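# Secondary and tertiary structure notes
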Amino acid sequence: NNKGWGSTITISDETDAVLETGGGLMKAQSYFAQDDFFVVMNADILTNMPLREMIKAHQINKPLATLAVSNRSSSRCFLFDEYDQLLGWKNRATGELKGQIIALPEKTIQEKAFSGIHVISSDIFSKNSFSGKFSMVDLYLNLCSSNIIKAYDHTGYHLVDVGKPESIQEAEKIFS
């Protein structure tokens, strides 16, 4: 009825293989490559985080990517230095570590839960060495030692993953 409110919707077909976020973005890169940056948000995330402020921070700092993160409970988290630069990843449940965590005092490493929202420079396409199915987490960890990947902390704003049925009632209470 509303003809998409002026938007264009294009579907990148992954019928043959689900490519995860990284592989899916690389397959659809022709839609994004002409822009300086683009926003990726998991479809099952609801938030009142100030997206315009996150985009503004990305434009000012000009990193390869800006990742929405917060101080909240999560079994997995990104690790950042005191300048909000990505260093690595940690599985809090198992202690598994990935990334460029070298000789930094533990007190300077900040653990932040990723919120599934990214502002990404189109330069990422030329820096990617992965193909097929892969996670953006793995790509970020591969690139963080030679590229700036920043945190955007939105602690204090609501974030609900409605991909879980039990979260729908929570989302209705918050966003109704």
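Structure shown above.
Sequence positions are assigned chain by chain, starting from 1 and proceeding in written order. Note on the predicted model: pLDDT of at least 70 is required for a residue's local features to be given, and 80 or more for side-chain atom pairs to be given and counted; whole-chain, interface and lining totals, by contrast, use all residues. Hydrogens and water molecules were not included; the side-chain quantities draw on all heavy atoms of the structure.

Now for a nonpolar patch on the surface. A cluster of nonpolar side chains, contributed by Val39, Met41 and Leu51, occupies part of the molecular surface with about 210 Å² of accessible area. As for its placement among the helices and strands, Met41 is situated in strand β1 (residues 37–41). Surface patches are drawn from residues lacking salt bridges whose relative accessible area is over 30%; two like charges belong together within 9 Å, two nonpolar side chains (Val, Leu, Ile, Met, Phe, Trp, Tyr) within 5 Å. To be clear on the numbers: accessible area is Shrake-Rupley with a 1.4 Å probe, and residue cover counts the displayed protein chains and nothing else. Between Lys or Arg on one side and Asp or Glu on the other, a salt bridge is scored when a side-chain nitrogen of the former is within 4 Å of a carboxyl oxygen of the latter. Numbering of helices and strands starts at the N terminus; helices are DSSP runs of H or I of at least 4 residues and strands are runs of E of at least 2.

For this analysis, a nonpolar core means a set of buried residues of the types Ala, Val, Leu, Ile, Met, Phe, Trp, Tyr and Cys, connected via side-chain atoms within 4.5 Å. Think of it in three bands: residues with accessible area under 20% of the maximum for their type are buried, residues over 50% are exposed, and the middle band is partly exposed, with areas taken using a 1.4 Å probe on protein chains only. Counting 24 residues, the largest nonpolar core has Leu67, Leu86, Ile120, Ile124, Tyr140 and Ile149 as the members making the most contacts within it. Listed by contribution, the elements that provide at least two residues to this core are α1 (20–27), β1, β3 (65–70), β4 (76–80), β5 (86–91), α3 (124–127), α4 (136–143) and β8 (149–153). Take this core: its biggest share by element is five residues, from α4. Not counting chain neighbours up to four residues away, the residues in contact with Ile120 comprise Leu25, Asp36, Phe37, Phe38, Val40, His58, Leu64, Ala65, Met136 and Tyr140. Among the nonpolar cores identified, the runner-up in size contains nine residues, and Met49, Ile55, Val119 and Tyr152 belong to it. Here, two residues are considered to be in contact whenever any of their heavy atoms come within 4.5 Å of each other.

The volume enclosed by the largest pocket comes to roughly 870 Å³. Buriedness of a pocket was judged along seven lines, with at least five required to meet protein on both sides within 12 Å; pockets are open sets of points on a 1 Å grid over the protein atoms alone, cavities are sets where a 1.4 Å probe fits but cannot get out, and lining residues have an atom within 4 Å of a point. If you trace the largest pocket, you find 30 residues lining it, with Asn42, Arg72, Arg76, Phe114 and Gly116 closest to the centre. At the level of elements, α1, β4, β7 (110–121), α4, β9 (159–161) and α5 (165–175) are the ones that each hand at least two residues to the lining of the largest pocket. Each residue is assigned to one class: nonpolar for Ala, Val, Leu, Ile, Met, Phe, Trp, Tyr, Cys and Pro, charged for Asp, Glu, Lys and Arg, and polar for all the others, Gly among them. Partitioned by chemical class, the residues of the lining of the largest pocket number eleven nonpolar, ten polar and nine charged. Grid points are joined across faces, edges and corners, and a volume is the space filled by probe spheres set on the points. In this structure, the second largest pocket spans a volume of roughly 450 Å³. For the second largest pocket, the lining is made up of 18 residues, of which Thr10, Leu25, Ala28, Phe32 and Val40 are closest to its centre.

Our focus in this paragraph is unusual backbone geometry. Of note, the phi angle at Glu20 is positive, near 60°, even though the residue is not glycine. Relative to the assigned elements, Glu20 resides in helix α1.

What follows deals with the pattern of salt bridges. This structure, assessed with the given rule, holds four salt bridges. Salt-bridge contacts for Arg92 lead to Glu111; the nearest nitrogen and oxygen are separated by 2.9 Å. Of this pair, Arg92 sits in the loop between β5 and β6 (97–99) while Glu111 is found in strand β7, placing the two residues 19 residues apart along the sequence. Residue Glu111 is classed as partly exposed on the basis of its relative accessible area, which comes to 30%. The salt bridge involving Asp138 is made with Lys98; its shortest N-O contact spans 3.7 Å. With Asp138 in helix α4 and Lys98 in strand β6, the pair connects residues that are 40 residues apart, well separated along the chain. Taking the relative accessible area as the measure of exposure, Asp138 reaches 31% and is therefore partly exposed. Classification of Lys98 by relative accessible area gives partly exposed; the value is 33%. Connected through salt bridges with shared partners, the residues Lys90, Arg92 and Glu111 form a single ionic network.

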